[in-house]
Amino acid sequence: MTERFFLYDDLEDTKTRFVSFMGENQRFDLALVRSDRYYGKQLVLDIQGSRYAIIGTDDLEEEGYLEHAFQLESEDAEELRAFLYEVI
């Protein structure tokens, strides 16, 4: 058996916020992970939808980004976007 080749194997302290809120059409259950790894962006995990994305304010301004990353309709993405603008 060959030796495993790691690209990286780091241990880092993070701060995680778990939040759940109800939108007009669906419930959002999120984990927001803050770390130094992503250049000021946060790892946003949709716990119920099993999706995640690394998001900063520039990503929130990109048209269709949340819709694609979290497979959301535009109305639901706008609710998520409004919330993320408050916390990112």
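Cut-offs used in this document
Numbering of residues begins from 1 in every chain and follows the order in which that chain's sequence is written. Per-residue local features are limited, in this predicted model, to residues with pLDDT of at least 70; the limit for side-chain atom pairs, both in listing and counting, is 80 or more; totals at the level of whole chains, interfaces and linings are taken over all residues. Excluding hydrogens and water, the side-chain values take into account all heavy atoms of the structure. For two strands to count as paired, DSSP must find a minimum of two bridges between them. Secondary structure elements follow DSSP: runs of H or I of four or more residues count as helices, runs of E of two or more count as strands, with numbering from the N terminus. Orientation is described by axes fitted as lines to C-alpha atoms, over the contacting stretch for helices, and by angles from 0 to 180 degrees between their N-to-C directions.

J.: Describe in detail the pairing of strand S4 (residues 51-55), supporting the description with residues and values.
T.: Each regular strand carries side chains that alternate between the two faces of the sheet. For strand S3 (residues 42-46) and S4, the ladder comprises 5 bridges, and the chain directions are antiparallel. The residue bridging Leu45 from the neighbouring strand is Tyr52, located in S4. Hairpin connection from S3 to S4: 4 residues lie between these consecutive antiparallel strands, with Ser50 at a positive phi of about 55 degrees.

J.: I'd love a proper account of the sheet that holds strand S1 (residues 15-22), names of residues and values included.
T.: Pairing between the strands of a sheet comes from backbone hydrogen bonds, and it takes one of two forms, parallel or antiparallel. Across the sheet, which stays open at both edges, the 4 strands sit in the order S1-S2-S3-S4 with antiparallel pairing between neighbours. Strands with a single pairing partner mark the edges of an open sheet, and in this sheet they are S1 and S4. Strand-to-strand twist in this sheet, taken as the mean axis angle between neighbours without regard to direction, amounts to 20 degrees. Bridge count between S1 and strand S2 (residues 27-34): 8 bridges; the pairing is antiparallel. Each residue of the ladder has a partner; that of Lys15, found in S2, is Arg34.

The quantities given are spatial measurements derived from coordinates; they are silent on function.
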